Amino acid sequence: IGGANSISSPKDLAPFVTCMNLSAAHVQIEDIKKMATALNFINLNRLELHENEFFGGRSLEYLTQGNWPKLSYLDLSFTGVDDEALLILTRGKWPLLETFYLQGTKITSLGVETIVNQTNWLQLKALNLSYNYLGDEGIRILSQGNWPQLEILHLEEVKITSIGIEAIIKKW
């Protein structure tokens with residue numbers, strides 16, 4: 001690197017960024033598009049986008065286009081991600097994703113099924129699905145998942161009964 005004078009634009013800085021926290025930053029769809037397609041964040045390992053309300057089909061399509069092979073932490077909590085949006089997220093090529101936060105989104109048992117069927121996320125160590133309406137059915141589906149490295153599972157306020165608790169106990 002030729003020193004600080006050689007960095008003249010965000011494009012020059014992108015390869016050096018390892019963590020990006022844009023929580024509650026009023027991020028727009030065009031911002032995600034630029035971040036994912038125009039800038040090369042090849043060393044990005046942590047992306048925090050919680051409390052942004054833009055998340056829908058197009059913004060998530062752009063998010064999955066990002067060339068972030070080292071991404072290990074993704075926080076989309078309180079963004080309005082729903083079951084359909086989660087299907088789009090499964091297209092993301094994040095082979096090192098270990099921590100995935102989807103707290104307070106709009107995920108139901110259908111979204112849980114999407115997560116369970118995602119074979120690219122077998123290395124998950126932490127999954128937060130708190131404050132979603134999963135119910136016993138969602139927990140039953142979740143307990144069928146194959147995450148050999150899962151260490152932390154957040155399920156606060158997911159509307160389960162003793163049936164859901166039993167499914168968790170049998171799995172873990």
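Predicted model, so just to flag it, every value in this text is computed and none were measured.

Draft legend 1. Region of the structure containing the packing of helix 6 (residues 135-142) against helix 7 (residues 162-171). It is at 8 Å that the axes of helix 6 and helix 7 come closest, and there the two elements cross at 10°. One finds that helix 6 runs roughly parallel with respect to helix 7. Of the residues in helix 7, those touching helix 6 at Asp136, Ile139 and Arg140 are Ile163, Gly164, Ala167 and Ile168.

Draft legend 2. The arrangement of the packing of helix 5 (residues 109-117) against helix 6 in detail. For the pair helix 5 and helix 6, the least separation of the axes is 8 Å and the interaxial angle reads 5°. As far as their axial angle goes, helix 6 and helix 5 are roughly parallel. Counting all contacts with helix 5, which are made through Ser109, Val112, Glu113 and Val116, the residues of helix 6 involved are Glu137, Gly138, Ile141 and Leu142. Grouping the constituent residues of the contact of helix 5 with helix 6 by class yields 4 nonpolar, 2 polar and 2 charged.

Draft legend 3. Region of the structure containing the sheet that holds strand 1 (residues 19-21). What the 6 strands build is an open sheet, ordered 1-2-3-4-5-6; its pairing is parallel. Because the sheet does not close on itself, it has two edges, and the strands there are strand 1 and strand 6 (152-154). Across the sheet, the mean angle separating the axes of adjacent strands is 0° when strand polarity is ignored. Across 3 bridges, the pairing between strand 5 (residues 126-128) and strand 6 is parallel. Residue pairing for strand 6: Ala126 is matched across the bridge by Ile152.

Draft legend 4. Local environment of the packing of aromatic side chains. This structure, assessed with the given rule, holds 2 aromatic pairs. Ring plane angle 65° and centroid distance 5.1 Å describe the contact between Phe100 and Trp121, whose orientation is recorded as edge-to-face. Separated by 21 residues along the polypeptide, Phe100 in strand 4 (residues 99-101) and Trp121 in the loop between helix 5 and strand 5 bring together distant segments of the chain. Taken individually, Phe100 and Trp121 each receive the classification buried, so the pair is uniform in this respect. A cation over a ring is seen here: Arg46 above Tyr73, with NZ or CZ 3.6 Å from the ring centre.

Thresholds applied
Residues numbered from 1 in each chain as written. Predicted model: local features only at pLDDT ≥ 70, side-chain atom pairs only at ≥ 80, totals over all residues. Heavy atoms only, no water. Axes fitted to C-alpha atoms, helices over the stretch in contact; angles between N-to-C directions. Helix = DSSP H or I, 4+ residues; strand = E, 2+ residues; numbered from the N terminus. Parallel < 35°, antiparallel > 145°, perpendicular 65-115°, else oblique. Contact = heavy atoms within 4.5 Å. Nonpolar A, V, L, I, M, F, W, Y, C, P; charged D, E, K, R; others polar. Pairing = 2+ DSSP bridges. Phe/Tyr/Trp six-rings, centres within 6.5 Å; stacked < 30°, edge-to-face > 60°. Buried < 20%, exposed > 50% of the residue type's maximum accessible area, 1.4 Å probe, protein only. Lys NZ or Arg CZ within 6 Å of the ring centre and 35° of its normal.

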